[in-house]
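Here's the letter readout for the chains.
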Amino acid sequence: MVRRKDELVRRYCDTLFRHFRALSAVWPIGTAPELGDVMLIRDGLLEPRSQLDLQAMGVAVRVDPTQKVYDCTVGVRFHAGASVAADAGSGRGARFELGFEDRASLLFAAQGAQIERVADHVPLEHAIRERHRTGAWDPEYWIVTSRLRARALTVLVAEGKEARVVLEARATATPHATSDLIQMSLGASLREQERIGLRVVGEEESVPLVGLHRLHQPWIGAPRYRARSEHQGGAQRVVGDATRRAEPGGRLIWEERQWREREVKRPGLSGGLSS
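Residues numbered from 1 in each chain as written. Predicted model: local features only at pLDDT ≥ 70, side-chain atom pairs only at ≥ 80, totals over all residues. Heavy atoms only, no water.

## Some remarks on the packing of aromatic side chains
Applying the stated rule across the entire model yields five aromatic pairs. The interplanar angle of 65° and the centroid separation of 6.1 Å between the aromatic rings of Tyr-12 and Trp-27 together place this pair among those described as edge-to-face. Pair noted here: Tyr-12 is in helix α1 (residues 2-20) and Trp-27 is in the loop between β1 (24-25) and β2 (37-42), with a separation of 15 residues, a long-range link. For Tyr-12, a relative accessible area of 0% corresponds to the buried category. One aromatic cluster is present, built from ring pairs that chain together Phe-20, Tyr-70 and Phe-108. Above the plane of the ring of Phe-17 lies Arg-257, whose end atom (NZ or CZ) is 4.0 Å from the centre. (Phe/Tyr/Trp six-rings, centres within 6.5 Å; stacked < 30°, edge-to-face > 60°. Helix = DSSP H or I, 4+ residues; strand = E, 2+ residues; numbered from the N terminus. Buried < 20%, exposed > 50% of the residue type's maximum accessible area, 1.4 Å probe, protein only. Lys NZ or Arg CZ within 6 Å of the ring centre and 35° of its normal.)

Have a look at this one:
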């Protein structure tokens, strides 16, 4: 059972990383990483190690004033005719059923989401230099440089085929499109479920996604990270997550964790890399 849940968690984190590309999923849901948190990544999961005190360092933080909905749906379908309209005066919302096609299916929806980000990386560099000098820094460490704060969060991940949920929404409308499902699921409560491995409905004030950077410089050494690869069909997909940016006037390189993929043809076939 524990092994199956671990598999679901890794699938959840991997799917969101692929979808949002520069944002990594936080697990367990309900934990709230802070800007400046130091992380290791093991099997695609974030592991907290320490924290840089941004306030004491005088690091400015910028907040995007726009509130948005961040969502991701894979293999989720609305069962036509499965909704039950609300009874007038009953105080009960409309109920609707969602089906999940297979074990890779999930629904993620974060409402009222705002991005907070570090406005200046230079103080972080100084802190890392000091930690490196005292032997307290690993080139594998990532720093949380942005985070998504959501007022409400819904996550549903299927653990097998024919998974389903029945949600009761505050609204009385019947969903007809994916965007309708996202909006209604955010304000819904869970009434029935079958074969749902991970479920969070209406979690308030959460931090489900973070952005990560790490530092490269000759004095700190290169990370031991290598692109993961996985065979799929007749080709090997190489998955990297590095986008490097050199700071003006120095050899400092900040690397942002991003999802990238390219196809590599197997040896013996003509051609090389295709981006």
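That was the structure; now back to the text.
## Considerations on the pattern of salt bridges
As enumerated under the stated definition, the model contains 16 salt bridges in all. Residue Glu-192 pairs with Arg-164 through a salt bridge whose shortest N-O separation is 3.2 Å. Here Glu-192, found in strand β11 (residues 188-194), pairs with Arg-164, found in strand β10 (residues 163-169); they are 28 residues apart in sequence, far enough to count as distant. Residues participating in the shared-partner salt-bridge network are Glu-34, Glu-116, Arg-147 and Arg-149. (Salt bridge = Lys/Arg side-chain N within 4 Å of Asp/Glu carboxyl O.)

## Things to note about the side chain of Ser-105
With respect to the helices and strands, the residue Ser-105 is situated in the loop between β7 (95-100) and β8 (106-118). A residue is classified by how much of its surface remains accessible, and Ser-105, at 1% relative accessible area, is buried. Of note is the side chain of Ser-105, whose polar atom sits 3.3 Å from the backbone oxygen of Gly-75. Those residues in contact with Ser-105 that sit more than four places away from it in its chain are Val-74, Gly-75, Phe-100, Leu-156, Val-157 and Ala-158. (Polar contact = N/O pair within 3.5 Å; in protein donor to acceptor, adjacent residues only side chain to side chain. Contact = heavy atoms within 4.5 Å.)

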